[in-house]
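Observations on chain architecture
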Amino acid sequence: MARFARTAALLALAAGCAHSNPSEMAADRPDAEYRIGREDVLEVVVWHEPELTRVVPVRPDGKISLPIAGEVDAAGRTPAELQDTLARALAPYVHDVTVAVLVREINAARFYVLGEVTHPGAFPLRGYVSVVQAIAMAGGRTEFGGDDVVWLRQEQGGKTKRVRVSFRELVQGEVAGALALRGGDVIYVP
């Protein structure tokens, strides 16, 4: 019954979404440089200042807390951008400050596979993952899974792109551009 409710809710969400094609979704390639996300774990190293060096989680509000620097926005920045921000914040207090930001754990980016797959749920997005790989990570289609695959992506401004593709064509490589997932993408196998 819970599976039916999830499926009905997803279909209701998809019904009001904008339609798109796979090549439009693929044009949204992930950034070449990693951006820090909520729930990531960072190591902030302040050279020759061990009392300021910390391993810190990025909180749900996107901030980290450090002595002297205080509350600092981290989510959405590259490690180099955060490094520069921290160096500027610490410069009045630390002579010749050098800061390094190391990403210890990547926990923020996830994609979701729902519907007629063996193990529906959330999966970590670590590097390039295609739609077919996402379905494989979820244990593949069940015997009741249809040929259609619905790919949902939340866009800026709250609009959702929706693409319906054929699983058979995905496996055969015939759907040009149906490639890289981004954090927050939903794959639904009806």
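The rules behind the values
Residues numbered from 1 in each chain as written. Predicted model: local features only at pLDDT ≥ 70, side-chain atom pairs only at ≥ 80, totals over all residues. Heavy atoms only, no water. Pairing = 2+ DSSP bridges. Helix = DSSP H or I, 4+ residues; strand = E, 2+ residues; numbered from the N terminus. Axes fitted to C-alpha atoms, helices over the stretch in contact; angles between N-to-C directions. Contact = heavy atoms within 4.5 Å. Phe/Tyr/Trp six-rings, centres within 6.5 Å; stacked < 30°, edge-to-face > 60°. Buried < 20%, exposed > 50% of the residue type's maximum accessible area, 1.4 Å probe, protein only. Salt bridge = Lys/Arg side-chain N within 4 Å of Asp/Glu carboxyl O.

Thoughts on the sheet that holds strand β2 (residues 41–46)
Strand order in the open sheet formed by 3 strands is β3-β2-β6, and the pairing between neighbours is antiparallel. Looking along the sheet, the strands with just one partner apiece sit at the ends: β3 (54–57) and β6 (99–105). Along the sheet, successive strands turn relative to each other by an average axial angle of 25°, direction set aside. Where β2 meets β3, 4 bridges bridge the pair, whose relative direction is antiparallel. Bridging from a neighbouring strand, E43 pairs with V55 of β3. Relative to the sheet, helix α3 (residues 79–90) contacts β2 and β6, its axis offset from that of β6 by approximately 135°.

A word on the packing of aromatic side chains
Applying the stated rule across the entire model yields 1 aromatic pair. When the ring of F111 is compared with that of F123, the centres are 5.6 Å apart and the planes differ by 20°; the resulting orientation is stacked. Placement of the pair is F111 in strand β7 (residues 110–115) and F123 in strand β8 (residues 121–124), with a sequence separation of 12 residues. For the pair F111 and F123, one class covers both residues: buried.

Let's talk about the pattern of salt bridges
All told, the structure shown has 10 salt bridges when counted by the stated rule. Across the salt bridge formed by R59 and D61, the nearest N and O atoms sit 2.9 Å from each other. Take R59: its relative accessible area is 26%, and that puts it in the partly exposed class. For D73, the salt bridge identified is with K63, shortest N-O distance 3.6 Å. Remark: K63 occurs in strand β4 (residues 63–66) and D73 occurs in strand β5 (residues 70–73); sequence separation between them is 10 residues. In this structure K63 comes out as partly exposed when scored by relative accessible area, which is 27%.

Read these as layout, nothing more, since geometry by itself doesn't imply function.
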